[in-house]
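Spelled out, the chains give:
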Number of protein chains: 2
Amino acid sequence: MARPQKHVFVCAQGRPAGHPRGSCVDKGCKPVGDEFFRQWQARNLFSTVSVAQTSCLGPCQAGPSVVVYPEGVMYTNVQVEDVNEIFEKHLIGGEVVERLRAPADVW
Amino acid sequence: MARPQKHVFVCAQGRPAGHPRGSCVDKGCKPVGDEFFRQWQARNLFSTVSVAQTSCLGPCQAGPSVVVYPEGVMYTNVQVEDVNEIFEKHLIGGEVVERLRAPADVW
């Protein structure tokens, strides 16, 4: 795998039931990560995009959280149905999806 | 957690015994990740650096693999005893540790 133009990191952090911070798993990050992997493969973007799941990215209260590097754009509250737009507009088109961008006090 | 100046991703990918690609777990990535977390906490770098473990970063044959964004520098064959130098020189000092940098055909 060569160095990607866009590297997508999807939080996959879980925590025990009742933990005060909650987690992205509680908020549904697993199907979001699955959808990133599914579309990455279906679109055959291996030469330009990489996708990985990660431990905690920070803003648990606003998860599921996704960060795209090298530009360092974080998306919060990402749902399965948002993934297509992130691919089309950002990962392929190079334009940030402003409606999903983390607020300045979060990232 | 605010947006970090340096975001470190340490591969934590395992694969079943005998898998032809091997994995960073086979090559000792878990203690390397633990050492990144330990030093991150001991150095109290929460306001400038973030550390996360990830699924596969790509160059399994050269693991343990670590990537630092936003600059997109990949380190390969990272050992526990290399982590101090990555903190001192790169994450704090801003200078890439050239001896650990992935070769151009890898990243």
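The coordinates are above.
Residues numbered from 1 in each chain as written. Chains lettered and ligands numbered in written order. Predicted model: local features only at pLDDT ≥ 70, side-chain atom pairs only at ≥ 80, totals over all residues. Heavy atoms only, no water.

### Points about the overall build of chain A
- For chain A, the helix and strand inventory stands at two helices and four strands.
- Ordered by position in the sequence, the α and β elements of chain A form the string β-α-β-β-β-α.
- Over its C-alpha atoms chain A spans a radius of gyration of 13 Å, differing by no more than 12% from the 13 Å that the globule rule assigns to 107 residues.
- Its C-alpha atoms give chain A principal-axis dimensions of roughly 40 × 25 × 25 Å.
- Evaluated residue by residue, chain A yields a buried proportion of 52% over its 107 residues.
- Look at the contacts in chain A between residues 6 or more apart in sequence, and 60% of them connect residues 24 or more apart.
- Carbon and sulfur atoms provide 48% of the accessible area of chain A, an area that totals close to 4800 Å².
- Within chain A, the 11 negative side-chain charges are centred at a point lying 5 Å from the centre of the 11 positive side-chain charges. (Helix = DSSP H or I, 4+ residues; strand = E, 2+ residues; numbered from the N terminus. Rg over C-alpha atoms; globule rule 2.2 N^0.38 Å. Buried < 20%, exposed > 50% of the residue type's maximum accessible area, 1.4 Å probe, protein only. Contact = heavy atoms within 4.5 Å. Areas by Shrake-Rupley, 256 points an atom, 1.4 Å probe, with all protein chains shown as cover. Lys, Arg positive; Asp, Glu negative; His and termini not counted. Charge placed at Lys NZ, Arg CZ, Asp CG, Glu CD.)

### Details of unusual backbone geometry
- Cis geometry is adopted by the peptide bond preceding P64 of chain B, which originates at G63 of chain B and carries an omega value of -5 degrees.
- Tracing the chain through its elements places P64 of chain B in the loop between strand 2 (49-54) and strand 3 (66-69).
- That bond from Y69 of chain B to P70 of chain B is cis: its omega, 15 degrees, falls within 30 degrees of zero.
- Here the phi dihedral of N77 of chain A falls at roughly 50 degrees; this positive angle occurs in a residue that is not glycine.

### Considerations on the packing of aromatic side chains
- Tallied over the full model, the rule gives twelve aromatic pairs over all chains.
- On the numbers, 3.7 Å between centres and 5 degrees between planes, the contact of F9 of chain A with F9 of chain B is stacked. Residue F9 of chain A is found in strand 1 (residues 6-11), and its partner F9 of chain B is found in strand 1 (residues 6-11); the two belong to separate chains. Each member of the pair, F9 of chain A together with F9 of chain B, is buried.
- Both rings, one in F9 of chain B and one in Y69 of chain B, keep their centres 6.5 Å apart while their planes meet at 70 degrees; by these two values the pair is edge-to-face. Highlighted residues: F9 of chain B in strand 1 and Y69 of chain B in strand 3, separated in sequence by 60 residues. Comparing F9 of chain B with Y69 of chain B shows no difference in burial state: the two are buried. (Phe/Tyr/Trp six-rings, centres within 6.5 Å; stacked < 30°, edge-to-face > 60°.)

### A short note on the pattern of salt bridges
- Tallied over the entire structure, the rule returns 14 salt bridges over all chains.
- The salt bridge partner of R99 of chain A is E85 of chain A, with a shortest N-O separation of 2.8 Å. Within this pair, whereas R99 of chain A is found in the segment after helix 2 (83-92), its partner E85 of chain A is found in helix 2, the two being separated by 14 residues in sequence.
- Residue R99 of chain A is classed as exposed on the basis of its relative accessible area, which comes to 53%.
- Residue E85 of chain A is classed as partly exposed on the basis of its relative accessible area, which comes to 24%.
- Among the salt bridges present, the one from R38 of chain B reaches E35 of chain B, with a minimum N-O distance of 2.9 Å. A residue pair is termed a helical-turn pair when its members lie 3 or 4 positions apart in one helix, as R38 of chain B and E35 of chain B do in helix 1 (residues 29-42) at three residues.
- Taking the relative accessible area as the measure of exposure, R38 of chain B reaches 46% and is therefore partly exposed.
- On the basis of relative accessibility, which here comes to 13%, the residue E35 of chain B falls in the buried class. (Salt bridge = Lys/Arg side-chain N within 4 Å of Asp/Glu carboxyl O.)

### Examining the pairing of strand 1 of chain B
Residue and element names in this part refer to chain B.
- Of all six residues in strand 1, six are buried, a share of seventy percent or more.
- For strand 1 and strand 2, the ladder comprises six bridges, and the chain directions are parallel. Following the sheet pairing, K6 is matched in strand 2 by V49.
- What joins strand 1 to strand 2 is helix 1, and the crossover it makes is right-handed.
- Relative to strand 3, strand 1 is paired through four bridges, and the arrangement is antiparallel. Counterpart to V10 in the pairing with strand 3 is V66. (Pairing = 2+ DSSP bridges. Right-handed = clockwise from strand over helix to strand, strands pointing away.)

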